[in-house]
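Topology and contacts: notes
Letter by letter, the chains look like this.
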Amino acid sequence: MSKKDLILLALHPSPILDLMECALFSAGFAVASARDRQGMEKAIHEAIPSLLIIGEKFSSEGGFPLSQEILQRFPTLPIFLYAEKDSDGLAISVLKAGLSGYLYPPIKNSELVDEVQRGLTRARKLGDWLRREVKRTTASLAEKADFSEGERQKLDAIISNIQDGVIVMDKRRRVILANRAVYDIFDLKDASILGKLLTDAIPNEDLRALLARANDGVLKYHEVNFNDGRVYNAQYTPIPHVGSAVTMQDISYLKELDRLKSDFIHTISHDLRSPLTAILGYAELVERTGQLAPTQLEFLHRLQGSAQHITTLVNDLLDLGRLDAGFDTRREAVRLDNVLKYSLDLFENQIRKKNIKLTVEIAPDLKTLRANPIRIRQMLDNLVGNAIKYTPEHGSVRVGLSMEGDQIVMKVADTGVGIPPEEQGRVFEKFYRASNVAKGLQGSGVGLAIVKSIVESHQGRVWVESTLGEGSTFIVLLPAQE
Ligand code: ADP
């Protein structure tokens, strides 16, 4: 017990008050007393007591409500309630109020001193525990801060040694991190780009286009091309609470492989054309040379069918080669709704046979395109043809043409088999067919590659949104004619 512990007695003047003052003073405590609420507030304001004894009937508010108010301000202050007599509900009320205990007459001096000491010891223990907890939590926070510092350095080392370019930006697109690879890729010498707007720090058109398109929340990838032939795949990723990041991988070797593959396919396709023309020509002549038995005729037709199929594929591949080489330069005003009509006419029979419900929605404000009408027709034929092909009987196909700013939006939606999520990015590759294509459903996997090449040669974008087993929507954006 410290002799300096101050005990505040909030009691109306009475012999009990005098008695308590005497007993506590003799036990070595400092004692202060308050006769009313104002006096009590003043005393607390001057020096916070170590313990408070408050009369049940103190002040007009009464001891209970007052002690609760005080506990709100000083949660660790031990408070005893002095009641004029013991009652059944007293203990419960004291507990409910969160007080340390209660006293009632007759009360011996030694009992009073013991109770006060007990209250002080408990309060001291609570104080010690609180201090220890605060220390422990602070230490653990400090430890965590040290740990994060170490972790941060580790992360810095990893990021700076990554071969891919990594740029992190804040919400206003100012660079907050750029690794060594970024400086090498853009040949930035040593001038720091930290704190600068990315588009000012690295004035690269492809990077600018990636950021501009990332705003629409659609395109997250973009190729960044360099004059020396290097090609990087730049990916944009929003980072919650930070801003965004751009990562760049060198795909020059993949591009070169793709070019070699395309050259090879183009050469083969070209070389196949003449023998195929000969096969089809002679097959036609066979029919004219004389009467054929029904089986012979059937075999001949099958042969013609297969040769025709290969011819179509070869022509598709040659088309693809021409598109990829940038030979498609014909441009004229094209009304997409007119071309769509021709395309739908082509599939009329199939739509009827499969009992497919076709819906066409054309916005009245649809603008014209500057495009090659033959290629646009080819694109539509492929998308609409696929929607019908991959939709079971009694399904539905919906084609929509609308405007979004100065872009024409075409949507071809079906209620077909859908495409597995992990394969949706690959269906535009040459020869790629999704794993869920039904056996026996013919196709070469070239149609969508042609669609992509046509769309891109018209400065547009194409992508698919699909749910397996529910259907797919192919979306094409094309810039309208100015
Ligand atoms: P294919 O000749 O196989 O139809 P495409 O290049 O036109 O080739 O399409 C590539 C693949 O994309 C298809 O094999 C199929 O797996 C998938 N696909 C294309 N369109 C659809 C569609 N509307 N619904 C479901 N899958 C589709």
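Small disclaimer: the values here were computed from a predicted structure and weren't measured.

**Details of the overall build of the chain**
Counting secondary structure elements, the chain contains 14 helices and 17 strands. At 43 Å, the chain has a C-alpha radius of gyration far larger than the 23 Å of a compact globule built from 482 residues. Considered along the principal axes of its C-alpha atoms, the chain spans approximately 140 × 60 × 45 Å. A total of 482 residues make up the chain; the buried ones form 40% of that total. Taking contacts inside the chain between residues at least 6 apart in sequence as the whole, the part at least 24 apart equals 60%. When the accessible surface of the chain is totalled, it reaches about 28000 Å², and 55% of it is carbon and sulfur.

**Quick look at the site of the ligand**
Close to the ligand lie 21 residues; Asn386, Tyr390, Asp414, Arg433 and Leu448 are nearest. Contacts to the ligand include Ala434, whose backbone N or O atom sits 2.9 Å from an oxygen atom. In this structure, a nitrogen atom belonging to the ligand sits 3.5 Å away from a side-chain N or O atom of Ser472. If the ligand stood free it would expose 530 Å²; the protein chains cover 97% of that surface. Secondary-structure elements contributing two or more residues to the shell around the ligand are helix 13 (373-389), helix 14 (447-457) and strand 17 (471-479). Ranked by residue count, the leading element in the shell around the ligand is helix 13, at three residues. Split into classes, the residues belonging to the shell around the ligand amount to 11 nonpolar, seven polar and three charged.

**Here we look at empty space enclosed by the protein**
If a probe the size of a water molecule is rolled over the atoms, the empty space left behind becomes visible. Under the counting rule described, the total for this entry stands at two cavities of 30 Å³ or more. Here the largest cavity is characterised by a volume of approximately 60 Å³. Residue lining of the largest cavity: Ser262, Ile265, His266, Leu317, Leu320, Gly321, Asp324 and Lys430, and that is the complete set. Breaking the lining of the largest cavity down by element, the ones donating at least two residues are helix 9 (252-288) and helix 10 (294-324). The leading source of residues in the lining of the largest cavity is helix 10, at four residues. The class makeup of the residues in the lining of the largest cavity is three nonpolar, three polar and two charged. Around the second largest cavity, the lining residues are Ile16, Leu19, Met20, Ile107, Lys108, Asn109 and Leu112. Top element by residues in the lining of the second largest cavity is helix 1 (residues 15-26). It accounts for three residues. Tallied by class, residues from the lining of the second largest cavity come to five nonpolar, one polar and one charged.

What counts and what doesn't
- Residues numbered from 1 in each chain as written.
- Predicted model: local features only at pLDDT ≥ 70, side-chain atom pairs only at ≥ 80, totals over all residues.
- Heavy atoms only, no water.
- Helix = DSSP H or I, 4+ residues; strand = E, 2+ residues; numbered from the N terminus.
- Rg over C-alpha atoms; globule rule 2.2 N^0.38 Å.
- Buried < 20%, exposed > 50% of the residue type's maximum accessible area, 1.4 Å probe, protein only.
- Contact = heavy atoms within 4.5 Å.
- Areas by Shrake-Rupley, 256 points an atom, 1.4 Å probe, with all protein chains shown as cover.
- Near = heavy atom within 4 Å.
- Polar contact = N/O pair within 3.5 Å; in protein donor to acceptor, adjacent residues only side chain to side chain.
- Nonpolar A, V, L, I, M, F, W, Y, C, P; charged D, E, K, R; others polar.
- 1 Å grid on protein atoms, 1.4 Å probe; cavity = no way out; pocket = protein on both sides within 12 Å on 5 of 7 lines; lining within 4 Å.
- Points joined across faces, edges and corners; volume = space filled by probe spheres on them.

Nothing here speaks to function; it is all geometry.
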